[in-house]
Amino acid sequence: GHLKELRNRLAVVIVLLVAAFLVCLTNAQSLVELFTQMGTGYGYHFVYISPQELLMEYFSISLVIALVVCLPVIAWEIWRFVQPGLRKNENRAFAMSLIFGMIFFCLGVAFAYKVSMPFILYFLIHVGDGSQITAAVSVQNYISFLLTVFLVFGCVFELPVISVVLTWLGVIRSSWLKKARKPAIVLIFLVSAIITPPDVVSQIMVALPMILLFQLGIFLSSLCEKGRKKSAAEEEPEEEAV
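Bear in mind the structure is a predicted one, so any value in this text is a computation, not a measurement.

Draft legend 1. A look at the overall build of the protein. Secondary structure assignment for the protein yields 9 helices and 2 strands. Starting at the N terminus, the α and β elements of the protein follow one another as α-α-β-α-α-β-α-α-α-α-α. Burial analysis of the protein (242 residues in total) assigns 32% to the buried set. Contacts spanning at least 24 positions in sequence make up 83% of the contacts within the protein whose residues lie at least 6 apart. Here the protein has roughly 15100 Å² of accessible surface; of this, 70% comes from carbon and sulfur atoms.

Draft legend 2. Representation of the pattern of salt bridges in the model. The final tally for this structure, using the stated rule, is 2 salt bridges. Put simply, arginine 9 and glutamate 5 hold a salt bridge, and the shortest N to O gap is 3.1 Å. One end of the pair is arginine 9 and the other is glutamate 5, both in helix α1 (residues 2–26) and 4 residues apart, which spans about a single turn. Taking relative accessible area as the criterion, arginine 9 reaches 18% and is therefore assigned buried. Exposure remark for glutamate 5: the relative accessible area of 23% places this residue in the partly exposed category. A salt bridge links glutamate 77 to arginine 9; its shortest N-O distance comes to 2.7 Å. Of this pair, glutamate 77 sits in helix α3 (residues 53–82) while arginine 9 is found in helix α1, placing the two residues 68 residues apart along the sequence. Salt bridges linked by common partners bring Glu5, Arg9 and Glu77 together as one network.

Draft legend 3. Representation of the packing of α3 against helix α5 (residues 139–156) within the structure. Interhelical geometry of α3 versus α5 gives an angle of 20° and a closest axis separation of 9 Å. It follows that α3 is roughly parallel to α5 by the angle criterion. As α3 packs across α5, the resulting crossing turns out to be left-handed. Packed against α3, whose contacting residues are Glu53, Leu54, Glu57, Ile61 and Val64, the element α5 presents Val139, Gln140, Ile143 and Leu147 at the interface. Taken together, the residues of the contact of α3 with α5 sort by class into 6 nonpolar, 1 polar and 2 charged.

Draft legend 4. Local environment of the side chain of serine 221. Among the secondary structure elements, serine 221 is positioned in helix α9 (residues 200–241). According to the relative accessible area criterion, serine 221 is buried, its value standing at 0%. Contacts of serine 221, omitting those with residues within four sequence positions, involve Ser163, Val164, Thr167, Arg173, Ser174 and Leu177.

Draft legend 5. Fine view of the packing of aromatic side chains. Considering all chains together, one arrives at 8 aromatic pairs under this definition. Measuring from centroid to centroid gives 6.2 Å for tyrosine 113 and phenylalanine 150, while their planes differ by 55°, and the two rings are tilted. In this pair, tyrosine 113 is assigned in helix α4 (residues 88–125) and phenylalanine 150 in helix α5, connecting sequence segments 37 residues apart. Of the residues examined, phenylalanine 150 reaches a relative accessible area of 8% and is grouped as buried.

Draft legend 6. The packing of helix α2 (residues 28–40) against α3, seen in detail. Contact geometry of α2 with α3 gives a least axis separation of 9 Å together with a crossing angle of 85°. Between α2 and α3, the interaxial angle falls into the category roughly perpendicular. Every residue of α3 that contacts α2 at Ala28, Gln29, Leu31, Val32 and Phe35 is listed here: Tyr58, Ile61, Ser62 and Ile65. The class makeup of the residues in the contact of α2 with α3 is 7 nonpolar, 2 polar and no charged.

Draft legend 7. Just a nonpolar patch on the surface, in detail. The grouping of Leu3, Leu6, Leu10, Ile14, Val18 and Leu22 at the surface amounts to a nonpolar patch, some 570 Å² of accessible area in total. With respect to the secondary-structure elements, leucine 6 resides in helix α1.

Draft legend 8. Focus on the environment of isoleucine 218. Among the secondary structure elements, isoleucine 218 is positioned in helix α9. On the basis of relative accessibility, which here comes to 4%, the residue isoleucine 218 falls in the buried class. Considered as a pair, isoleucine 218 and leucine 159 are 59 residues apart in the sequence and their alpha carbons are 9.9 Å apart.

Criteria and thresholds
Residue positions within a chain follow its written sequence, with the count starting from 1. Thresholds applied to this predicted model are a pLDDT of at least 70 for local features of residues and 80 or more for the giving and counting of side-chain atom pairs; totals over whole chains, interfaces and linings are not thresholded and use all residues. Calculation of side-chain values draws on the structure's entire complement of heavy atoms; hydrogens and water are dropped beforehand. The helix count covers DSSP runs of H or I at least four residues long, the strand count covers runs of E at least two residues long, and both are numbered beginning at the N terminus. For every residue, the accessible area (1.4 Å probe, protein chains only) is compared with the maximum for its type, and the residue is labelled buried under 20%, exposed over 50%, or partly exposed between those bounds. Contact between two residues is taken to exist if any of their heavy atoms lie within 4.5 Å; hydrogens are not considered. All accessible areas in this document rest on Shrake-Rupley with a 1.4 Å probe, and a residue is counted as covered only by the protein chains that are shown. By convention in these notes, a salt bridge is any Lys or Arg side-chain nitrogen within 4 Å of a carboxyl oxygen on Asp or Glu. A fitted line through C-alpha atoms represents every axis, and for helices the fit uses only the stretch in contact; the resulting angles, taken between N-to-C directions, go from 0 to 180 degrees. Roughly parallel covers angles under 35 degrees, roughly antiparallel covers those over 145, roughly perpendicular covers 65 to 115, and oblique covers all other angles. Two helices that cross are described as forming a left-handed crossing if the nearer one is turned anticlockwise from the farther one by less than a right angle, and a right-handed crossing if clockwise. Charged residues are taken to be Asp, Glu, Lys and Arg, nonpolar residues to be Ala, Val, Leu, Ile, Met, Phe, Trp, Tyr, Cys and Pro, and polar residues to be all remaining types, Gly included. Ring pairs shown here join Phe, Tyr and Trp side chains whose ring centres sit within 6.5 Å, with only the six-membered ring taken for Trp; geometry is labelled stacked below 30 degrees between planes, edge-to-face above 60, and tilted in between. Candidate patch residues must exceed 30% relative accessible area and have no salt bridge, after which like charges are joined if within 9 Å and Val, Leu, Ile, Met, Phe, Trp or Tyr side chains if within 5 Å.

Structure follows, in structure tokens:
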């Protein structure tokens, strides 16, 4: 029965994913132009250096966008599949982690698109100022770089959700996060210095949201601990009655 249900849910996801991929593929040129417009605004000139490169980018960008579009459905199918095996509190926690995980991931991608990428692209295009080297960037390398940055920031913005999940599972405690606050801030500024141009403004604009996310993770972790203790206290009388 479980295998049959898993097969049916996988079939639903695959059908929707293929449909979304085909729709995106028909608009692949517009999608690629949407990504390259940011670079052309800073003076980048894009080329493709192999006959199939542009076509393969149409396929890859269509697949990525299709995955993003189908992500809510995939999360829904995962939740519905594991729901019967979870307790009421675990069920609620799992559903909330999926929902807020998607929300924070989208916020991370939006932050990278609106804040980080303009600084990064502006800095990189001006690295060769004063030399005779002209930038002619491969569209494949550019889009791969863009998607990598989006993925990194999307994962970074998952920090509060990960903190809550690990706290709920009893893996970490909010007190541990509070003790690690100072080393974490130093690490955050180090990471922001690596992934941003070498100027203070851009480093602060990247590091500040990451610090706020870490603080939010500590706050949510503390709330989760209180909720976990409350749930455990409510379950004890029920077990004794049984």
